[in-house]
Amino acid sequence: MKRAFKEQDIELTNPVILTVTPPEYSMAVAVGLLSWLEGNGAIISDTGWKSNDHGNLVETGIQIKFEDVVFSISCRYEHVYFERISGKESSFWALCKLFCETEI
């Protein structure tokens, strides 16, 4: 197994931007994260990410409600963007930290 992202830690910014490793298009990693979130109780109303073209995942973003946080995931080139919309900042940072440590 290898780390999905090159960053060792997140920057406490909004959005949090992570770079996939090796540098390649980030779509597969973003779809994998959305699948994991959905399997763990997240509410994802926009199911376009499950289609062949991945819908709004590219640049527009897919909105997710996970526990007490609402955020969006989008991807561009080798980056995955996590943008907090509402909810506790500390919960959002903890979730992004978890994503940062993801292995594939």
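Everything numeric in this text was worked out from a predicted model, so none of it was measured. (Residues numbered from 1 in each chain as written. Predicted model: local features only at pLDDT ≥ 70, side-chain atom pairs only at ≥ 80, totals over all residues. Heavy atoms only, no water.)

What follows covers the nonpolar core. Side chains that are nonpolar tend, in soluble globular proteins, to be buried together. Residues Phe5, Leu57, Ile64, Phe71, Ile73 and Phe82 are the most contacted members of the largest nonpolar core, which totals 32 residues. Listed by contribution, the elements that provide at least two residues to this core are β1 (16-19), α1 (27-39), β2 (62-66), β3 (69-76), β4 (79-87) and α2 (89-100). The element contributing the most residues to this core is α1, with seven residues. (Core = buried A, V, L, I, M, F, W, Y, C linked by side-chain atoms within 4.5 Å. Buried < 20%, exposed > 50% of the residue type's maximum accessible area, 1.4 Å probe, protein only. Helix = DSSP H or I, 4+ residues; strand = E, 2+ residues; numbered from the N terminus.)

Once that is clear, we can look at unusual backbone geometry. Negative phi values dominate among residues other than glycine, just as trans dominates among peptide bonds. In the segment running from Asn14 into Pro15, the intervening peptide bond is cis, with an omega of 15°. Inspection of the secondary structure puts Pro15 in the segment before β1. With an omega of -15°, the peptide bond running from Thr21 to Pro22 counts as cis. The topology assignment puts Pro22 in the loop between β1 and α1. The backbone of His54 sits at a positive phi, close to 65°, despite the residue not being glycine. Note on placement: His54 falls in the loop between α1 and β2. The phi dihedral of Glu67 falls on the positive side, at around 55°, and the residue is not glycine. When you line up the elements, Glu67 lands in the loop between β2 and β3. Assessed through its relative accessible area of 62%, Glu67 is described here as exposed.

Summed over all chains, the structure comprises five aromatic pairs. On the basis of an interplanar angle of 50° and a centroid distance of 6.3 Å, the ring pair of Phe71 and Phe99 is categorised as tilted. Of this pair, Phe71 sits in strand β3 while Phe99 sits in helix α2, and the two are 28 residues apart along the sequence. The class for Phe71 is buried, based on a relative accessible area of 1%. Where Phe82 meets Phe99, the ring centres are 4.9 Å apart and the plane angle is 25°; that geometry is what we call stacked. Placement of the pair is Phe82 in strand β4 and Phe99 in helix α2, with a sequence separation of 17 residues. Chaining the aromatic ring pairs together yields one cluster made of Phe71, Phe82, Phe92, Trp93 and Phe99. The ring of Tyr81 has Arg76 sitting right over it, with the charged end atom 4.4 Å from the ring centre. (Phe/Tyr/Trp six-rings, centres within 6.5 Å; stacked < 30°, edge-to-face > 60°. Lys NZ or Arg CZ within 6 Å of the ring centre and 35° of its normal.)

Looking now at the sheet that holds β2. Read across the open sheet, the four strands follow the order β1-β4-β3-β2; overall the sheet is antiparallel. Two strands in the sheet have a free side with no partner beyond their single neighbour: β1 and β2. Geometrically, the sheet is characterised by an average inter-axis angle of 25° between neighbouring strands, direction not taken into account. Where β2 meets β3, five bridges bridge the pair, whose relative direction is antiparallel. (Pairing = 2+ DSSP bridges. Axes fitted to C-alpha atoms, helices over the stretch in contact; angles between N-to-C directions.)

Here we come to the environment of Gly61. Along the polypeptide, Gly61 turns up in the loop between α1 and β2. What Gly61 contacts, discounting residues up to four positions off in sequence, is Asn56, Ile73 and Ser74. (Contact = heavy atoms within 4.5 Å.)

Honestly, that's just the spatial picture; any functional story needs more than this.
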